[in-house]
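# Structure at a glance
In case you want the letters, here they are:
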Amino acid sequence: FEAFGYSMETLDEDRKPSNITSAGKEDICSSSRNDRKVLDKIQINHLLPVSPAPKILCYIPTISTEHQGKVREVLDTWGKRCDKLVFLSNATNDDIGAVTVNITEDNWAHLWEKGREGTQFIWETYGNDYDWFLKADLDTYIIMENLKAYLAS
């Protein structure tokens with residue numbers, strides 16, 4: 001009851017609280033004092049509004065050979081719960097939200113460069129539109145609801 005902003009105390013005629021936890025439903029609903037139902041006297045505690053969920057942009061580096069495989073797996077699972085999902089790739093693909101990140105070579109030797117260029121692209125393009133930026137990989141699984149609840153707390 002209290003979790004919904006209701007107090008388990010009522011106010012009697014002289015504004016003194018009286019506990020209603022031991023009374024049954026029928027007693028509470030049928031009780032009245034001077035034609036006022038006891039339920040009309042339940043004190044409501046106004047709660048602060050719930051914080052809005054933070055907006056999270058997720059970005060994942062990938063390569064074009066993964067567009068139909070692991071990228072689709074992310075899209076079909078946790079990726080759809082991101083407020084925005086961007087794949088940083090060597091080839092643009094609008095169907096999956098992949099954008100081209102210009103680097104000299106797309107291989108493990110240039111992973112840091114791809115990360116730097118990708119993060120710069122994300123910030124310059126979306127920097128003011130989201131509260132948080134999550135860099136993940138194709139083998140990552142995020143429970144976005146838990147992350148958003150944690151970030152909002």
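Only a predicted model underlies this, so the values are computations on that prediction, with no experimental measurement involved. (Residues numbered from 1 in each chain as written. Predicted model: local features only at pLDDT ≥ 70, side-chain atom pairs only at ≥ 80, totals over all residues. Heavy atoms only, no water.)

### Overview of helix α3 (residues 111-126)
The end-to-end C-alpha distance of α3 is 22 Å, a good match for the 22 Å that 16 residues give at a rise of 1.5 Å each. For α3, the set of buried residues is E113, K114, G118, I122 and Y126. The arc that holds every buried residue of α3, seen down its axis, measures 160°, which confines them to one face. Those residues of α3 that are exposed and aimed more than 90 degrees away from the buried face are W112, W123 and E124. Taken together, the buried residues of α3 touch β6 (56-61), β7 (84-89) and β9 (132-135). (Helix = DSSP H or I, 4+ residues; strand = E, 2+ residues; numbered from the N terminus. Expected span 1.5 Å × (residues − 1). Buried < 20%, exposed > 50% of the residue type's maximum accessible area, 1.4 Å probe, protein only. Arc of directions from axis to C-beta. Contact = heavy atoms within 4.5 Å.)

### What about the nonpolar core?
Ranked by internal contacts, the top residues of the largest apolar core, which has 16 residues, are C58, I60, W78, F87 and M144. Elements supplying a minimum of two residues to this core: β6, α2 (70-76) and β7. With three residues, β6 is the single largest residue contributor to this core. In this structure W78 touches C58, I60, L134, A136, T140, Y141, I142 and M144, once residues within four positions along its chain are discounted. Counting nine residues, the second-largest nonpolar core is a separate cluster that includes V86, L88, I122 and Y126. (Core = buried A, V, L, I, M, F, W, Y, C linked by side-chain atoms within 4.5 Å.)

### Description of the confidence of the model for the chain
For the chain, the average pLDDT comes to 77, and 63% of its residues sit at 70 or higher. Mean pLDDT across the elements of the chain ranges from a minimum in strand β1 (residues 6-11), with 44, to a maximum in β9, with 96. Every residue in residues 1-21 is under pLDDT 50, and counting partners more than four places away or in other chains gives 43 contacts. (pLDDT = per-residue confidence, 0-100.)

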